[in-house]
Amino acid sequence: MPIREISGRISLVFMLTLAAALLLLGRAETYVFDQARQVVTDMTAPLLEIASRPVSAARRLVERTDEYAYVFDENERLRAENARLMAWKEKALKLEAKVLRYEALLNVQVDPGINYVSGRVVSDNGGPFVDTVIVNVGKEQGAKSGDAVIDTDGLIGRIVSTGKQASRVLLLTDLNSRMPVVVEPGHYKAVLAGDNTNWPRLDYLLATSSVSPGDRVVTSGDGGLIPPGLPVGLVIKTSDGILRVQSFANRERLDYVRVLKYAFPMEVKRQDPPDVLKGPPVSSTPAPVGAPPLPPAEPLPVKRKVEKAKPAMPDAVKVKKPVAAAPAATQPIPDSAGVDELDTPPPPAEDITPGGTDTAGTE
C-alpha cells in the first residue's frame, strides 16, 4: 500500500508538471505546436483514407440492399408517373394544334362591328342537301338561319336550319346554294351558284365584264343577309370555257368555324328638313281663358274674266253708243241673282239713217 500510494502521488505530480510545462510552452511558442500538429495530420491522412474505404463500401452495399428491396415498388411508381406524363403530353399536343387553328381562324379579317360565335364541325348526317355539315352552335348561342359561316381560309356557306345546340350549314358547292359575290378588282357583280362540284359557277355576269382567271372573289352583301367583303375564292376557267371559283375553304379540312351574327341596319335616323323648306312657325301657346273668339276669316273675292260678245256688223255702217263700264266684281254675287250680271250682253247698236243726226255719233 505505501508503494502504490507513493507511485500514485509521483504520477500525479508528473502529470501536473507536464501540463504546466505544456501550458507554458503553448503560450510561449504557439507556432511550434501548430507545425507539429500539421505534421501528425499529414502522416495520418493516408492511413485514415485507406481505413475509411471499407467502411464506405459497406455503407453503399447496405444502401443498395435497401434499394433492391424496394425496386418493385419504385418501378410501379415510375410506370404510373410515365402514364400520367404521356396523358399530359397528348393534351399538350392537342392544345397546341387547337391554338394554331384558332390563330389561323382569327387571321380572317372581319368587320370589327360584327359579332361571332366559334364552334366546331361535328358531323354530316345527311339530309335534303348534298353538301352540308353540322356545327355545335345553335339557338342558345345566338345562331339563326341565314348566318354566314367562315373557317380559317374564308367563307364556307350559310346556316339553313338551327336547333338548340347545333345547326346545319349549307356549303357553297351545294346545288341549292346561291350567293351574291363581287369579282375584284373590277367590282363586277355576279351570283355564285353551286352545282354539287368542287368549283361553283359564276352566273349572271355581264358579258362586257373583263374577268380573268386569278381574280379574287368576295361577298357583295346584296340582300343584307351576308356581310360584304368576306373572302370566297379565286376565278378559274374550266376546259368547257365556263368561269368557276376555286374556294379558299377546303371541305376536307373543316374543323373550327365562326358563325357571324350579322344584322343589316334596317333603321334609318330621322333627318329634319332645312329651315328654308319649313313654313312660318306655328305658336302652340293656348288662348287665354275668357278671351273672345276670333272672327271667322272672310273669303277672298273671286275675280272672273268675262268675255263680251261682239255683235255682228250689218252691211250698213253702224255706230255703237258708248256703254257705261260694268262695276268691278269686288263683292260676292248672291246666289238669288240666278244669272251673272257681268255675263249679260251689251245693248244692240242703233242704226244711223242718212237724214237724221246723232250726237253720239258725232263725238
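Coordinates for the structure precede this section.
Sequence order as written defines the numbering, with residues in each chain counted from 1. Predicted model: local features are reported for residues with pLDDT of at least 70 only, side-chain atom pairs are reported and counted for 80 or more only, and whole-chain, interface and lining totals are derived from all residues. Only hydrogens and water are removed before side-chain values are computed, so all heavy atoms of the structure are retained for them.

**Student:** Run through the overall build of the chain, naming residues and quoting values.
**Tutor:** A tally of helices and strands in the chain yields four helices and 14 strands. Burial here depends on accessible area, computed with a 1.4 Å probe over protein chains only, as a share of the maximum for the residue type. Under 20% is buried, over 50% is exposed, and the range in between is partly exposed. Among the 363 residues that make up the chain, the fraction classed as buried is 21%. Whether two residues are in contact is decided by their heavy atoms, any of which lying within 4.5 Å being enough. The long-range share in the chain, meaning contacts at least 24 apart out of those at least 6 apart in sequence, stands at 55%. For the area figures, the Shrake-Rupley method with a 1.4 Å probe applies, and any residue is considered shielded solely by the protein chains shown. In the structure as shown, the chain presents an accessible area of about 27800 Å², 60% of it carried by carbon and sulfur atoms. Every helix listed is a DSSP run of H or I at least four residues long, and every strand listed is a run of E at least two residues long, numbered separately from the N terminus.

**Student:** Describe the environment of Asp151, listing the residues and the values that go with them.
**Tutor:** Looking at where Asp151 falls in the secondary structure, it is placed in the loop between strand 3 (148-150) and strand 4 (155-162). Given the relative accessible area of 3%, Asp151 is considered buried. Think of a polar contact as two N or O atoms within 3.5 Å of one another; within protein, one of them needs to be a possible hydrogen donor and the other a possible acceptor, and neighboring residues in sequence only count if both atoms come from side chains. At 3.0 Å, the side chain of Asp151 forms a polar contact with the backbone nitrogen of Asp153.

**Student:** So what's going on with a nonpolar patch on the surface? Which residues, and what values?
**Tutor:** Put simply, a patch holds well-exposed residues, over 30% relative accessible area, that have no salt bridge, with like charges counted together within 9 Å and Val, Leu, Ile, Met, Phe, Trp or Tyr side chains within 5 Å. Only one rule defines a salt bridge in this text: a Lys or Arg side-chain nitrogen within 4 Å of an Asp or Glu carboxyl oxygen. The grouping of Phe14, Met15, Leu18 and Leu22 at the surface amounts to a nonpolar patch, some 400 Å² of accessible area in total. Within the secondary structure, Met15 sits in helix 1 (residues 2-28).

**Student:** Help me get a handle on unusual backbone geometry, residues and values and all.
**Tutor:** At the junction of Glu184 and Pro185, the peptide bond is cis and its omega measures out at 5 degrees in the coordinates. Unlike most non-glycine residues, Asn196 shows phi in positive territory, near 65 degrees. Looking at where Asn196 falls in the secondary structure, it is placed in the loop between strand 7 (188-193) and strand 8 (201-203). A residue is classified by how much of its surface remains accessible, and Asn196, at 35% relative accessible area, is partly exposed. With phi around 55 degrees, Tyr204 is a residue other than glycine that occupies positive phi space. Relative accessible area serves as the criterion here: at 69%, Tyr204 is assigned to the exposed category.

**Student:** Break down the nonpolar core for me, citing the residues and quoting the values.
**Tutor:** With 21 residues, the main nonpolar core has Leu155, Val181, Leu192, Leu202 and Val232 as its most contacted residues. Residue assignment for this core shows that the elements contributing at least two residues are strand 3, strand 6 (178-184), strand 7, strand 10 (231-237) and strand 11 (243-247). Here the element with the most residues in this core is strand 6; it accounts for three residues. Apart from the residues lying within four places of it in its own chain, the contact partners of Val181 are Tyr188, Lys189, Ala190, Val191, Leu192, Leu202, Val217, Val218, Thr219, Ser220 and Val232. For the purposes of this section, nonpolar cores are sets of buried Ala, Val, Leu, Ile, Met, Phe, Trp, Tyr and Cys residues that join through side-chain atoms within 4.5 Å. If you look at the next biggest cluster of nonpolar residues, it comprises 15 residues, including Val121, Ile159, Leu171 and Val257.

**Student:** Before we move on, can you summarise the sheet that holds strand 1 (residues 115-123) with the specific residues and values?
**Tutor:** Spatially, the six strands close up into a barrel ordered 1-2-5-4-3-12, and their pairing is antiparallel. The mean inter-strand angle of the sheet, taken between neighbouring strand axes irrespective of direction, is 45 degrees. Paired strands are those between which DSSP finds at least two bridges. Across three bridges, the pairing between strand 3 and strand 4 is antiparallel. Bridge pairing in strand 4 places Ala148 opposite Arg158. Fitted lines through C-alpha atoms give the axes, limited to the stretch in contact for helices. The angle between two N-to-C directions lies from 0 to 180 degrees.

**Student:** Which residues make up the pattern of salt bridges, and what are the values?
**Tutor:** Applying the stated criterion across every chain yields a total of 12 salt bridges. Note that Lys189 and Asp222 form a salt bridge whose closest N and O atoms lie 3.6 Å from each other. Highlighted residues: Lys189 in strand 7 and Asp222 in the loop between strand 9 (216-219) and strand 10, separated in sequence by 33 residues. Its relative accessible area of 46% is what places Lys189 among the partly exposed residues. Take Asp222: its relative accessible area is 39%, and that puts it in the partly exposed class. In this structure, the salt-bridge partner of Asp203 is Arg201, at a minimum N-O distance of 2.9 Å. When salt bridges with common partners are traced through the structure, they connect Asp195, Arg201, Asp203 and Arg244 into a single cluster.

Keep in mind that these numbers describe shape and distance, not what the molecule does.
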